[in-house]
Structures are given as C-alpha cells and as structure tokens.
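Observations on the model geometry
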Amino acid sequence: MSTGGLILRPMTLADVGPVYALDRLSFSLPWPERSYRYEVQENRNSRPWVVEDSSESPARIAAMLVIWLVLDEAHVATLAVHPDYRRRGLGQRLLAHGLLAAEKEGADLAYLEVRQSNLGAQALYRRFGFVVDGMRPHYYVDNGEDAILMSLRPLDPQALSALLHAGETIS
Ligand SMILES: CC(C)(COP(=O)(O)OP(=O)(O)OC[C@H]1O[C@@H](n2cnc3c(N)ncnc32)[C@H](O)[C@@H]1OP(=O)(O)O)[C@@H](O)C(=O)NCCC(=O)NCCS
C-alpha cells in the first residue's frame, strides 16, 4: 500500500458500494446499503465524507464518516477506516475535518455512541476531548452490549485544526 494519494472529499453515489463494503468489514451491525444512498441523495442534515486512496488502481475507499448536523449539534453517526489503513492517523484526520466543517456550519457540540468494548475508538474520541456523558444499556441488538454516550463541547477550531494536520498529508 502506498502512503501518498489520499484525498478527503464528500461521499458521492458512486462511493456507496465500496462504503457499504467498508461498513460490513468494520461493524457487526452494518447499515443497509440503501442508508448510504439516502445519506448522499436525500438527507439534508447529512454530511457524508470519504477518504479515497487515488494511488491504487482503481481508487479505493480508505475511510468514511457520516455526521448529522442539526442546528448547533453534530452527531457522529458512523466512522470507519479500512483495516489496511488503520493506525496511520486517518480516522483522526477525517473526524477532525468533519467536525471542523460542522463547526463552520454552526455546530458547537458533537456527540456519538460507541460500544463499551470498542476501546480503540474511545481512545480516539478522548484524544479529541470527548467525555463520557452516560450509557444506553443493551443498545446494540446483536449482543446486547451497552453504548457509551460521549460528547465534545465546544468545538474548538484551533484544536481540531491541530488534530487535522497531524501526521501524513491528505489533500
Ligand atoms: C476506530 C477507527 C475509526 C480508528 O481509525 P484509525 O485511522 O485506525 O485511527 P487513528 O490512526 O487516527 O488513531 C488516532 C489515535 O486514536 C487512538 N486509537 C485508534 N485506534 C486505536 C486502537 N485500535 N487501540 C488503541 N488506540 C487507538 C490512538 O490514540 C491513536 O493514536 P496512535 O496511533 O498515535 O496511538 C478504526 O479502528 C475503525 O474503523 N474501527 C472499526 C469501526 C469503528 O469501531 N468505528 C468507530 C465506531 S464508534
């Protein structure tokens, strides 16, 4: 896998197939493929993003993020990095980009749910300053696992920029 050629851009309809494949690789309860079509085509509150690796032929989807923006709240609905691209700072930079864009559109608060067992994702969110607000017991229907609720307030553009610009370049 090459390290250059990473492009962060809005998700398009053409990305839905590979994004759905990434979702299935990453989660035990993936969204249906039609959900991604809805996010791209119909959901006016949705800000769906991808990172494409253009150095591969054909280009691969390395990461995806969906944020729902409602007034001053940014809900991190889903985030996944392809296993081949993990622990290279991609998740961090994609999330920082998405939250910065949401902040520019007026968001002051971000929140999300994460599985109790997903310590890697929780470590990523803590790096942003997300704190635990509470828990939704038995939230995940596949194994009855609890969801941890985390939030970040305020969204600080300077702190998010620093997280965005850490590590390898994404154009
Ligand atoms: C969680 C996920 C998005 C992280 O993406 P990533 O690109 O690998 O994360 P980054 O490389 O940007 O990590 C940044 C920091 O977050 C923390 N982190 C990320 N993944 C971690 C892991 N598996 N274990 C421990 N810490 C982790 C570390 O502090 C890391 O910095 P470091 O590598 O310098 O130690 C990715 O593992 C993934 O897609 N997992 C499956 C789907 C998922 O769980 N999504 C989140 C749902 S809430």
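Quick note: structure is the one above.
Presented here is an overview of the structure given in this document. The shown structure was predicted, so the numbers you read here are calculated from the model rather than taken from an experiment. (Residues numbered from 1 in each chain as written. Predicted model: local features only at pLDDT ≥ 70, side-chain atom pairs only at ≥ 80, totals over all residues. Heavy atoms only, no water.)

Counting residues in each nonpolar core, the largest one holds 38 residues, and the members touching the most others are Leu-90, Leu-99, Tyr-125, Phe-128 and Phe-130. With seven residues, helix α3 (residues 90–104) is the single largest residue contributor to this core. Formed by eleven residues, the second largest nonpolar core is a distinct cluster that contains Val-19, Leu-22, Val-66 and Ala-80. (Core = buried A, V, L, I, M, F, W, Y, C linked by side-chain atoms within 4.5 Å. Buried < 20%, exposed > 50% of the residue type's maximum accessible area, 1.4 Å probe, protein only. Helix = DSSP H or I, 4+ residues; strand = E, 2+ residues; numbered from the N terminus.)

The tally for this structure, following the rule as stated, stands at eight salt bridges. Here Asp-84 and Arg-60 are joined by a salt bridge, their closest N and O atoms 2.8 Å apart. In this pair, Asp-84 sits in the loop between β4 (73–81) and α3 while Arg-60 sits in strand β3 (residues 60–70), placing the two residues 24 residues apart along the sequence. Overall, Arg-60 belongs to the partly exposed group, its relative accessible area being 25%. Across the pair Asp-108 and Arg-153 runs a salt bridge whose closest N-O atoms are separated by 3.7 Å. Of this pair, Asp-108 sits in the loop between α3 and β5 (109–115) while Arg-153 sits in the loop between β7 (147–152) and α5 (157–164), and the two are 45 residues apart along the sequence. A residue is classified by how much of its surface remains accessible, and Asp-108, at 30% relative accessible area, is partly exposed. Its relative accessible area of 54% is what places Arg-153 among the exposed residues. Within this structure, Arg-9, Asp-15 and Glu-52 form a network of salt bridges that share partners. (Salt bridge = Lys/Arg side-chain N within 4 Å of Asp/Glu carboxyl O.)

Helix α2 (residues 33–41) packs onto helix α1 (residues 16–26) with a crossing angle of 130 degrees between their chain directions and a minimal axis gap of 9 Å. By the criterion of interaxial angle, the relationship of α1 to α2 is oblique. Of the two elements, α1 crosses α2, and the hand of that crossing is right-handed. Of α2, the residues touching α1 (which contributes Val-16, Gly-17, Val-19, Tyr-20 and Asp-23) are Glu-33, Tyr-36, Arg-37 and Val-40. Split into classes, the residues belonging to the contact of α1 with α2 amount to five nonpolar, one polar and three charged. (Axes fitted to C-alpha atoms, helices over the stretch in contact; angles between N-to-C directions. Parallel < 35°, antiparallel > 145°, perpendicular 65-115°, else oblique. Left-handed = near helix turned anticlockwise from the far one by under 90°. Contact = heavy atoms within 4.5 Å. Nonpolar A, V, L, I, M, F, W, Y, C, P; charged D, E, K, R; others polar.)

With that settled, the discussion passes to α2. Within α2, burial applies to Ser-35, Tyr-36 and Glu-39. Axial view of α2: buried residues confined to an arc of 100 degrees, hence all on one face. Residues of α2 that are exposed and point more than 90 degrees away from the buried face comprise Arg-34 and Gln-41. Of the surrounding elements, those touching the buried residues of α2 are α1, β2 (46–53), β3 and β4. (Arc of directions from axis to C-beta.)

With that settled, the discussion passes to the pairing of β5. Taken across its seven residues, β5 has six buried, putting it largely inside the fold. Pairing analysis gives three bridges linking β4 to β5, with the strands arranged parallel. By the bridge assignment, Glu-73 is partnered in β5 with Leu-109. Taken together, β4, α3 and β5 constitute a β-α-β crossover, and its handedness is right-handed. In the sheet, β5 pairs with β7 via six bridges, with the strands oriented antiparallel. For Val-114, the partnering residue across the bridge sits in β7 and is Ile-148. (Pairing = 2+ DSSP bridges. Right-handed = clockwise from strand over helix to strand, strands pointing away.)

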